[in-house]
Amino acid sequence: MFDAILIDKTDDAQSVSQTQIDTDHLPEGDVLVEIAYSTLNYKDALAITGASPVVRKFPMVPGIDFAGIVRESSHPDYKADDKVVLNGWGVGEVHWGGLAKFARVKGDWLVPLPEAISMKRAMAIGTAGYTAMLCVQALEKHGVAPDAGPVAVTGAAGGVGSVAVTLLASRGYEVAAVTGREEEADFLTSLGASSIVARDELSGKPRALNKERFAGGVDVAGSTVLANLLSMTRYGGTVAACGLAAGMDLPASVAPFILRGVTLAGVDSVMCPAPRRRAAWDALAAELDMEKLDALSVELPFSEVIDAAPKFLKGQIRGRVIVPVAPELG
Ligand code: NDP
């Protein structure tokens, strides 16, 4: 038996509890992982609170990512004692996830943990940090170079945003951190932001085209914020969009695309093919300033995860939230 968070549904009501699960009840998979660290992501908070239909199969162990040690494997790429990290693939949504002491998953979903990253730091990075790297790589792929001019990062004080600010600044970009929390200005500057932009400046009714302000952007907000960002993107620029913190809609016009050649690059971390996710993790190991990473991470005890989820959705949590499950594993 081991500790897990379990979400269940009866009729229309969702319940969530910390409980004990028998290893025999774990879902099918060719690798059994003992989890050292997991995290609380925006999606996990949606799943735990039931605020959005993230969970598509009940009962469900939430947790879209984890880092841990392989205990049993019949997959050719993994053997006992290998350190691994997992992000996405529907784990914590349709397959039992990382907010538990053990997970049984498909070996094809795992990434070998790069040596330069500890299991704790892997979860300080987590799905948010790995997604931030996918966004940065999308900007690079579309030719937004560090000398192109300011690059906006929305939701800058959140999980994806704070890592994106750090990564872009360390690559030499001029980062305009867009935040709704003025009080986080010093924190964002310490991560490398060159300027702080009030979220209100991107929250008004979007115009088809606005003054050209940013060479590109990383957007976690969607909706009006993304529409405004697109209208402010310079000729030939690119915005990497990965989130919906402000909403799922996009009240934009085609003007930025057809008159300024702007590119809207969609970023998905969940089903991202294995070679691209390995490349993102390798780049994180090579580039991410681990001291800055430590400064933007907080630990949340396993026993407090359920209570913390509603606060997370209110945007009251800064940076990345690590959940130690078995920190003694290293
Ligand atoms: P966090 O809650 O840590 O950060 C979200 C940030 O967005 C907040 O901290 C806040 O930043 C900002 N924000 C909150 N509400 C609004 C609003 N109404 N308008 C504009 N900005 C707002 O979440 P994550 O960083 O973990 O995730 C961010 C988004 O990215 C989520 O929508 C998540 O689902 C998505 N995501 C997508 C992935 C993918 O694969 N595509 C993977 C990971 C995350 P501030 O206070 O600085 O303004």
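Placed above this text is the structure.
Residues numbered from 1 in each chain as written. Predicted model: local features only at pLDDT ≥ 70, side-chain atom pairs only at ≥ 80, totals over all residues. Heavy atoms only, no water.

Asker: What am I meant to see in helix H7 (residues 274–287) here?
Answerer: Residues spaced three or four apart along an α-helix face the same direction, because each turn holds 3.6 residues. The terminal C-alpha atoms of H7 lie 20 Å apart, and with 14 residues this matches the ideal 20 Å at 1.5 Å per residue to within 8%. Those residues of H7 that sit buried are Arg277, Ala280, Trp281, Ala283, Leu284 and Ala285. (Helix = DSSP H or I, 4+ residues; strand = E, 2+ residues; numbered from the N terminus. Expected span 1.5 Å × (residues − 1). Buried < 20%, exposed > 50% of the residue type's maximum accessible area, 1.4 Å probe, protein only.)

Asker: Honestly, the site of the ligand in this entry has me stumped. Any pointers?
Answerer: Taken together, 24 residues surround the ligand, and among them Val160, Thr179, Gly180, Arg181 and Ser269 come closest. At 2.6 Å from an oxygen atom of the ligand is found a side-chain nitrogen or oxygen belonging to Thr179. Relative to its unbound accessible surface of 920 Å², the ligand loses 87% to contact with the protein. The residue inventory of the shell around the ligand, partitioned by class, reads 13 nonpolar, eight polar and three charged. (Near = heavy atom within 4 Å. Polar contact = N/O pair within 3.5 Å; in protein donor to acceptor, adjacent residues only side chain to side chain. Areas by Shrake-Rupley, 256 points an atom, 1.4 Å probe, with all protein chains shown as cover. Nonpolar A, V, L, I, M, F, W, Y, C, P; charged D, E, K, R; others polar.)

Asker: Which parts of the structure should I look at to understand the packing of aromatic side chains?
Answerer: For any two aromatic rings, the description comes down to two numbers: the centre-to-centre distance and the angle of the planes. The full count for this structure, using the stated rule, is three aromatic pairs. Relative to Trp281, the ring of Tyr130 lies with its centre 6.3 Å away and its plane at 15 degrees, an arrangement referred to as stacked. Highlighted residues: Tyr130 in helix H2 (residues 119–141) and Trp281 in helix H7, separated in sequence by 151 residues. Given a relative accessible area of 0%, Trp281 falls into the buried group. (Phe/Tyr/Trp six-rings, centres within 6.5 Å; stacked < 30°, edge-to-face > 60°.)

Asker: Where do I start with the layout of surface pockets in this structure?
Answerer: Roughly 1,300 Å³ of volume is contained in the largest pocket. In terms of lining, the largest pocket is formed by 46 residues, of which the most central are Tyr42, Val220, Gly243, Leu244 and Ala245. Among the elements of the structure, helix H1 (42–49), H2, helix H3 (159–170), strand S9 (175–179) and helix H9 (305–313) are those that each provide at least two residues to the lining of the largest pocket. Partitioned by chemical class, the residues of the lining of the largest pocket number 23 nonpolar, 16 polar and seven charged. (1 Å grid on protein atoms, 1.4 Å probe; cavity = no way out; pocket = protein on both sides within 12 Å on 5 of 7 lines; lining within 4 Å. Points joined across faces, edges and corners; volume = space filled by probe spheres on them.)

Asker: Explain the pairing of strand S5 (residues 83–87) to me, please; I cannot follow it from the model alone.
Answerer: Two faces make up the sheet, and in a regular strand the side chains alternate between them. Burial within S5 is extensive, with four of its five residues counted as buried. Here five bridges tie strand S4 (residues 65–73) to S5, and the two strands are oriented antiparallel to one another. If you follow Asp65 over to S5, its bridge partner there is Asn87. (Pairing = 2+ DSSP bridges.)

Asker: It is not clear to me how the side chain of Asn41 should be interpreted in this structure. Could you clarify?
Answerer: Along the chain, the position of Asn41 falls in the loop between strand S3 (31–39) and H1. You can call Asn41 buried: its relative accessible area is 6%. Setting aside chain neighbours within four positions, we find Asn41 in contact with Ile64, Asp65, Thr127, Ala128, Phe312 and Arg320. (Contact = heavy atoms within 4.5 Å.)

Asker: Even after reading the chapter, I still don't get H3, so can you show me in this structure?
Answerer: With twelve residues, H3 extends 17 Å between its outermost C-alpha atoms, agreeing within 8% with the 16 Å of an ideal straight helix rising 1.5 Å per residue. Within the span of H3, buried status applies to Gly159, Val160, Gly161, Ser162, Val163, Ala164, Val165, Thr166, Leu167, Leu168 and Ala169. Directly after H3, the chain includes Gly172, whose backbone phi takes a positive value near 95 degrees.

Asker: Can you help me understand the state of the cysteines in this one?
Answerer: Two cysteines, two sulfur atoms, one covalent bond between them: this is a disulfide. Scanning the entire structure with this criterion turns up zero disulfides. Free cysteine Cys135: the closest other cysteine sulfur is in Cys242, separated by 4.0 Å. Unpaired in this structure, Cys272 has its nearest cysteine sulfur neighbour in Cys135, at a distance of 11 Å. (Disulfide = S-S within 2.5 Å.)

Asker: Help me out: how do you make sense of the pattern of salt bridges in this one?
Answerer: Any two side chains of opposite charge can pair if their charged atoms end up close together. Tallied over the full model, the rule gives twelve salt bridges. Arg56 is the partner of Glu93 in a salt bridge, and the nearest nitrogen-oxygen pair spans 2.7 Å. You can see Glu93 sitting in the loop between S5 and strand S6 (102–105) and its partner Arg56 sitting in the loop between H1 and S4, a full 37 residues away along the chain. We classify Arg56 as exposed; its relative accessible area is 56%. (Salt bridge = Lys/Arg side-chain N within 4 Å of Asp/Glu carboxyl O.)

Asker: Is there a simple way to explain the sheet that holds S9 in this structure?
Answerer: To summarise the sheet geometry, strands pair through backbone hydrogen bonds and adopt either a parallel or an antiparallel arrangement. Ordered in space as S10-S9-S8-S11-S12-S13, the six strands form an open sheet in which the pairing is parallel. Strands at the two margins of the open sheet, each flanked by one partner only, are strand S10 (195–198) and strand S13 (263–266). When the angles between neighbouring strand axes are averaged without regard to direction, this sheet yields 20 degrees. Of the strand pairs in this sheet, S9 and S10 are connected by four bridges, and their pairing is parallel. Note on S10: the bridge partner recorded for Ala176 is Ser195. Sheet strands in contact with H2 are strand S8 (151–153), strand S11 (214–219), strand S12 (233–241) and S13, and its direction is about 150 degrees off that of S12. H3 contacts S8, S9 and S11 of the sheet and is inclined by roughly 155 degrees relative to S8. (Axes fitted to C-alpha atoms, helices over the stretch in contact; angles between N-to-C directions.)

Asker: I would appreciate a short explanation of the nonpolar core in the present structure.
Answerer: The nonpolar side chains of a soluble globular protein tend to be buried with one another. Among the nonpolar cores identified, the biggest contains 59 residues, and Leu168 and Trp281 are the most heavily contacted of them. Take this core: its biggest share by element is 14 residues, from H2. In this view, Leu168 contacts Val136, Leu139, Val151, Val153, Tyr173, Val175 and Val218; residues no more than four positions away in its chain are not counted. Core analysis: the second largest hydrophobic core is formed by 44 residues, Phe2, Ile5, Ile48 and Val325 among them. (Core = buried A, V, L, I, M, F, W, Y, C linked by side-chain atoms within 4.5 Å.)

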